[in-house]
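# Secondary and tertiary structure notes
The residues making up each chain are set out below.
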Amino acid sequence: MEYITLNNGLKMPIVGTGTNTYGKENNDYNGEVKNEIPELVSALELGYRSIDAAISYRNEELVGRVLAESTVPREELFITTKIPANEEYISSKEATRAAIDNSLKNFRTDYLDLLLIHHPIEDKEQLKNTWEVFEEYYEAGKLKAIGVSNFGKNQLDDLKKFAKVKPAVNQIQINLKEPNKELLAILEEEGITPVAWGPMKTEAHQQEALDEIGKSYKKYGAQVLLKYQIQRGVVVIPKSHNRENQAANIDLFDFELSAEDVEKVENL
Ligand SMILES: NC(=O)c1ccc[n+]([C@@H]2O[C@H](COP(=O)([O-])OP(=O)(O)OC[C@H]3O[C@@H](n4cnc5c(N)ncnc54)[C@H](OP(=O)(O)O)[C@@H]3O)[C@@H](O)[C@H]2O)c1
């Protein structure tokens, strides 16, 4: 595994696993949460250590139980979760504190590695209050890093006006269909690490071209795609319900894309 150093010095695995459909009926985001989560067990066996969770996924407790019961020591895990931007969680500082405390309980831990605001909070007072609670837990060592998700430039600017702790990451959609280039440039300038959700999304012609590029490295197109992102410092959190795909998605550290192939992927 390779790591990226966040702006507060914390090291984050550059590849993690998403969990938004794990442990759910029919692998469906809206499906009922079951009592087991074989995809997570398999991800841990294959070497995934960074786990991207969220309160909205409704499976935090199940994910937390499997992590706590696994043989992987807590200090090897990098647990991310997200606070939804809705009234239940952000209407008051008490509500946000209760949500964080509950996540800590779900993960059976006394700290989370990364906590994100899942979506932009339009009400500036609520944004400020929420971030102040994040900072409070960060200062207390209960959150090792704090960040945001799906924030655009204006929303990052709003946060900047009062944030004492700069967001360490912005988790946004980044893939070949939505390259999000302008925002990526802003994040780089600001020293905020981009985390790509939905990294696997491609058009059919892009997938064919990636498969073609992969041949000379003896890699699948999906691996070329992920390597392209991590090679330029974008953290990826692909999820798969298929063990072979999970294995491929973390088998990225024995090759390097040439400058020419990087350019090819960039122009797909
Ligand atoms: N912050 C946010 O608002 C937000 C939004 C969306 C997602 N997320 C997070 O980001 C994670 C990843 O995003 P995502 O779940 O939307 O999509 P994704 O990881 O881009 O794509 C998942 C799809 O790609 C397929 N896949 C994975 N690896 C593959 C491979 N090697 N070869 C071929 N197909 C492969 C999977 O199918 P198989 O199961 O058949 O392999 C699955 O259908 C989520 O799980 C969640 O944790 C965050």
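Residues numbered from 1 in each chain as written. Predicted model: local features only at pLDDT ≥ 70, side-chain atom pairs only at ≥ 80, totals over all residues. Heavy atoms only, no water.

Per an unreviewed UniProt entry, the protein goes by Diketogulonate reductase-like aldo/keto reductase and derives from Ureibacillus acetophenoni. Its UniProt record, at the heading Sequence similarities (unreviewed entry), says of the protein: "Belongs to the aldo/keto reductase family." (UniProt positions renumbered as here; feature names shortened; annotations may be inferred.)

### Re the packing of helix α1 (residues 38-46) against helix α10 (residues 243-250)
Interaxial distance between α1 and α10 falls to 10 Å at its minimum, and their mutual angle equals 40 degrees. Remark: the crossing between α1 and α10 carries right-handed chirality. Together, E39, S42, A43, E45 and L46 of α1 and R243, Q246, A247 and I250 of α10 make up the contact between the two elements. Its residues assigned to classes, the contact of α1 with α10 shows four nonpolar, two polar and three charged. (Axes fitted to C-alpha atoms, helices over the stretch in contact; angles between N-to-C directions. Helix = DSSP H or I, 4+ residues; strand = E, 2+ residues; numbered from the N terminus. Left-handed = near helix turned anticlockwise from the far one by under 90°. Contact = heavy atoms within 4.5 Å. Nonpolar A, V, L, I, M, F, W, Y, C, P; charged D, E, K, R; others polar.)

### Things to note about the pattern of salt bridges
Tallied over the full model, the rule gives 16 salt bridges. Among the salt bridges present, the one from K219 reaches D251, with a minimum N-O distance of 3.2 Å. Placement of K219 in the loop between α8 (204-215) and α9 (221-231) and of D251 in the loop between α10 and α11 (259-266) is noted, with a sequence separation of 32 residues between them. Its relative accessible area of 11% is what places K219 among the buried residues. Its salt-bridge partner being K219, residue D254 comes within 2.9 Å of it at the nearest N-O pair. Of this pair, D254 sits in the loop between α10 and α11 while K219 is found in the loop between α8 and α9, placing the two residues 35 residues apart along the sequence. Judged by relative accessible area, D254 falls into the exposed class, the value being 56%. (Salt bridge = Lys/Arg side-chain N within 4 Å of Asp/Glu carboxyl O. Buried < 20%, exposed > 50% of the residue type's maximum accessible area, 1.4 Å probe, protein only.)

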